Amino acid sequence: MNPTTSVTAQPLLAARELSKTYGSTVALSGASARLDAGEIVALTGRSGSGKSTLLHCMAGIVRPDHGSVTYRQLDVDVSVTHRQEQLEQAPEERLSALRRTEFAVVFQFGQLIPELTALDNVALPLILGGTDRRAAQERARAWLERFGVLDRAEARPGELSGGQAQRVALARALVTGPKVVFADEPTGALDSLAGEQVMTELTSAARESGAAVLLVTHDATVAAYADREIRLTDGRTTVLEVSA
Ligand SMILES: Nc1ncnc2c1ncn2[C@@H]1O[C@H](COP(=O)(O)OP(=O)(O)OP(=O)(O)O)[C@@H](O)[C@H]1O
């Protein structure tokens, strides 16, 4: 057997048969999805079909009632071939540490910290991870430049346009070198031109850095940036291939 076959056959992140209810509302009902290293996958479906719930479960933000979410990392250390993280069983602090180091999230409305400058918003995840402030700010500047908003480094989120704020949010997501970026309607608050620019920048930066992207969208134009599409209908998944 080709040794690379067994490696690529393992998903980076896999959700299996997830169910989640909120009171009498069924958000997920046997949803399954996999994300491989470096690929961009769109979760699509009508409003209320369970897209955000599935993304939140896969990011370890929401615990499913049933089913499993597994994150698999091939370690560069030859003594450790791989390790399995059972997200739904991990204690909260371990989840937080994992989310900080290997997962990153981008939401519809950037969710930047309003009191901090754009620069400090981007530097913050590095500082929380133990990087000293000066080095963190230097890397943050490089990412702001990468997304074309270095000239807004000292602005606070309230002074940024929607597109600028979303670029700062992308810089904040990618600054730590995550393995997975979870993006929930990242262009939902932007006009179509700004949305396309942000999608182009997100996908090219993710491909350059090797990060996989799980993208929730109801917009076919946005889904077309993905390698693959997983469609949700009433909390259930079907996998569709997006033609290149
Ligand atoms: N925290 C919550 N409390 C109660 N109900 C919830 C909660 N989160 C989601 N739901 C419900 O679960 C169902 C699925 O919601 P979800 O947000 O996952 O769908 P979605 O496909 O992302 O929808 P949209 O495109 O409108 O954002 C909906 O009926 C929603 O109202």
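Here the residue numbers are simple positions, counted from 1 along each chain's written sequence. The model is predicted, so local features are restricted to residues of pLDDT at least 70 and side-chain atom pairs to those at 80 or more, both for listing and for counting; the totals for chains, interfaces and linings are taken over all residues.

Engineer: I keep staring at the overall build of the chain and nothing clicks. Help me out?
Structural biologist: Each helix is a run of DSSP H or I of at least 4 residues and each strand a run of E of at least 2, with the numbering of both proceeding from the N terminus. Helix and strand counts for the chain come out as eight helices and ten strands. Taking all 244 residues of the chain together, 39% fall into the buried category. For the chain, the proportion of contacts with a sequence separation of at least 24, taken over those separated by at least 6, is 69%. The burial label depends on the number of other C-beta atoms within 10 Å of a residue's C-beta. Counts of 20 or more mean buried, 12 or fewer mean exposed, and intermediate counts mean partly exposed, with C-beta atoms placed from the backbone. Any residue pair is listed as a contact if its two C-beta atoms, each placed from the backbone, are within 7 Å.

Engineer: Looking at this structure, how should I read helix H6 (residues 162–174)?
Structural biologist: Residues lying three or four places apart along an α-helix face the same way, a consequence of the helix completing one turn every 3.6 residues. Helix span, expected: 1.5 Å multiplied by one less than the number of residues in the helix. Given a rise of 1.5 Å per residue, 13 residues ought to cover 18 Å, and the 18 Å separating the end C-alpha atoms of H6 matches this to within 8%. A large share of H6 lies buried, amounting to twelve of its 13 residues. Listed in full, the buried residues belonging to H6 are Gly163, Gln164, Ala165, Gln166, Arg167, Val168, Ala169, Leu170, Ala171, Arg172, Ala173 and Leu174. Where H6 is buried, its residues contact strand S6 (103–106), helix H4 (118–128), helix H5 (133–146), strand S7 (180–184) and helix H7 (192–209).

Engineer: Which parts of the structure should I look at to understand the environment of Leu35?
Structural biologist: By secondary structure assignment, the location of Leu35 is in strand S2 (residues 25–35). In the structure, Leu35 is positioned 73 residues away from Gln108 in sequence and 21 Å away in space, judged by C-alpha atoms.

Engineer: Any chance you could explain the pairing of S7 here in plain terms?
Structural biologist: Two faces make up the sheet, and in a regular strand the side chains alternate between them. For S7, the tally of buried residues reaches four of five residues, placing the bulk of the element in the interior. Alignment of S6 against S7, held across four bridges, turns out to be parallel. If you follow Val105 over to S7, its bridge partner there is Phe182. Pairing between two strands requires that DSSP report at least two bridges joining them. Relative to strand S8 (residues 212–216), S7 runs parallel, the two being bridged by five bridges. Within the sheet, the bridge partner assigned to Val181 lies in S8 and is Val213. Handedness is read with the strands pointing away from the viewer; a crossover is right-handed when the path from the first strand over the helix to the second is clockwise. With H7 bridging S7 and the parallel S8, this β-α-β connection has right-handed handedness.

Engineer: I tried to follow the packing of H4 against H5 on my own but got confused; where do I start?
Structural biologist: Any two packed helices are characterised by how steeply their axes cross, that is the angle between the axes, and by the distance between the axes. To obtain each axis, a line is fitted to C-alpha atoms, and for helices this fit is confined to the stretch in contact; angles are then taken between N-to-C directions over 0 to 180 degrees. At a closest axis distance of 8 Å, the pairing of H4 and H5 adopts a crossing angle of 125 degrees. In terms of axis orientation, H4 runs oblique to H5. Relative to H5, H4 is oriented so that their crossing is right-handed. Every residue of H5 that contacts H4 at Ala118, Leu119, Val122, Ala123, Leu126 and Ile127 is listed here: Arg133, Ala136, Gln137, Arg139, Ala140, Arg141, Trp143 and Leu144. Partitioned by chemical class, the residues of the contact of H4 with H5 number ten nonpolar, one polar and three charged. Small angles under 35 degrees read as roughly parallel and large ones over 145 as roughly antiparallel, with 65 to 115 read as roughly perpendicular and the rest as oblique. Handedness of a helix crossing follows the sense of rotation of the near helix relative to the far helix, less than a right angle counterclockwise being left-handed and clockwise being right-handed. Note that Gly is not counted as nonpolar here; it falls among the polar residues with everything else outside the nonpolar set of Ala, Val, Leu, Ile, Met, Phe, Trp, Tyr, Cys and Pro and the charged set of Asp, Glu, Lys and Arg.

Engineer: Even after reading the chapter, I still don't get the nonpolar core, so can you show me in this structure?
Structural biologist: Nonpolar side chains tend to gather and get buried jointly when the protein is soluble and globular. Formed by 64 residues in total, the largest nonpolar core has its most connected members in Leu54 and Leu214. A per-element tally of this core places H6 first, with seven residues. Not counting chain neighbours up to four residues away, the residues in contact with Leu214 comprise Leu35, Val41, Leu43, Leu55, Met58, Val180 and Phe182. By our criterion, buried Ala, Val, Leu, Ile, Met, Phe, Trp, Tyr and Cys residues that link up through C-beta atoms within 7 Å make up a nonpolar core.

Engineer: Looking at this model, I keep getting lost on the confidence of the model for the chain. Mind explaining?
Structural biologist: Any residue range with low pLDDT should be treated as having predicted coordinates unsuitable for detailed reading. The score called pLDDT rates the predictor's confidence residue by residue, from a low of 0 to a high of 100. Per-residue pLDDT for the chain has a mean of 85; in total, 82% of the residues score no lower than 70. Here residues 1–7 is a poorly scored stretch, pLDDT under 50, and it has two contacts once near neighbours within four places are set aside; other chains count. With pLDDT under 50 throughout, residues 73–83 is counted as low confidence; its partners more than four residues away or in other chains account for nine contacts. Of the two predicted TM-score estimates for the complex, the pTM is 0.85 and the ipTM is 0.97.

Engineer: Any chance you could explain the site of the ligand here in plain terms?
Structural biologist: Taken together, Tyr22, Thr25, Ala27, Gly45, Ser47, Gly48, Ser49, Gly50, Lys51, Ser52, Thr53 and His218 make up the full set of residues near the ligand. When contributions to the shell around the ligand are tallied by element, the ones reaching two or more residues are S2 and helix H2 (51–58). In terms of residues, the shell around the ligand owes the most to one element, H2, which gives three residues. Among the residues making up the shell around the ligand, the classes are represented as two nonpolar, nine polar and one charged. Using a C-beta atom placed from the backbone, a residue is described as near a molecule or strand when that atom lies within 6 Å of it.

Engineer: Got a minute to help me understand unusual backbone geometry in this structure?
Structural biologist: As a rule of thumb, non-glycine residues mostly have phi less than zero, and peptide bonds are mostly trans rather than cis. At Glu17, a residue that is not glycine, the phi angle is positive and equals roughly 50 degrees. Considering the arrangement of structural elements, one finds Glu17 in strand S1 (residues 13–22). Exposure remark for Glu17: the 14 C-beta atoms within 10 Å place this residue in the partly exposed category. Non-glycine residue Asp234 carries a positive phi angle of around 50 degrees. Relative to the helices and strands, Asp234 is located in the loop between strand S9 (228–233) and strand S10 (236–241). Overall, Asp234 belongs to the partly exposed group, with 14 C-beta atoms counted inside 10 Å.

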